[in-house]
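Residue-level structural notes
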Amino acid sequence: MKYRDFSQHFNEARTNASLKQLHAAFNQINSTLRQLSAEQKAQFTYLQTVLKLIDTGILSYNAEGQVEWVNGAFNQTLQLPYLYNPVQHSGIAKALRGALQTIMQLEPSASAVVKPTVEKRTMQQLLSATSFRLHGHSFALIAFKSVSHSLDEIEAWQKLLRVMTHEITNSVARIASLADMLGHHV
């Protein structure tokens, strides 16, 4: 158990009668621990796959600021091949470095909007933070979601409403003018 080697099998048939029950119990413990280990690995693989597929960038770092895990959406959004210590990353432009400092200073359960510039393109990202403890160590988890697309859609709807309001106002103004003229003639 100390070395987590559960492949050992105790021969129940070729042992004396006093150890037979002990060997059976050891085999059952080993079998149960192998099954739990396999289930844990399967769950870990499943969660890793889900986190890789979502379009929200996820960054996890420890209390010292060292990055523990980053999904592909985060790296792709910021055009980073890798990320170990966001604040000290030498290849990051000034605007992006400021956004990453905001990320690192974000309080748990808080959110903020940052506008990093990547390859001459400014984008708006909504950051959400949470913290957790695992095996006595503190970690922060940051979700990095693009809101630029949503804001573009809202802006398009606002433009459409302005155009429609203008057209309706023009039509109503003509009708009101004609009605006023008719009122004077009658």
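Refer to the structure printed above.
Residues numbered from 1 in each chain as written. Predicted model: local features only at pLDDT ≥ 70, side-chain atom pairs only at ≥ 80, totals over all residues. Heavy atoms only, no water.

With that out of the way, let us pick up the overall build of the chain. Summing up its helical and strand segments, the chain has four helices and seven strands in all. Secondary structure elements in the chain, listed N-terminal to C-terminal, are α-β-β-α-α-β-β-β-β-β-α. Evaluated residue by residue, the chain yields a buried proportion of 26% over its 186 residues. Across the chain, every contact between residues at least 6 apart in sequence was considered, and the portion connecting residues at least 24 apart equals 29%. As displayed, the chain has an accessible area near 13,800 Å², and 57% of this comes from carbon and sulfur atoms. (Helix = DSSP H or I, 4+ residues; strand = E, 2+ residues; numbered from the N terminus. Buried < 20%, exposed > 50% of the residue type's maximum accessible area, 1.4 Å probe, protein only. Contact = heavy atoms within 4.5 Å. Areas by Shrake-Rupley, 256 points an atom, 1.4 Å probe, with all protein chains shown as cover.)

Our next topic: the packing of aromatic side chains. What the rule picks out here adds up to two aromatic pairs. Aromatic pair F10 and F26: ring centres 5.1 Å apart, planes at 45°, arrangement tilted. Highlighted residues: F10 in the segment before α1 (17–53) and F26 in helix α1, separated in sequence by 16 residues. Residue class for F10 comes out partly exposed when judged on its relative accessible area of 23%. Ring plane angle 20° and centroid distance 5.5 Å describe the contact between F132 and F139, whose orientation is recorded as stacked. (Phe/Tyr/Trp six-rings, centres within 6.5 Å; stacked < 30°, edge-to-face > 60°.)

Structural measurements only, silent on function.
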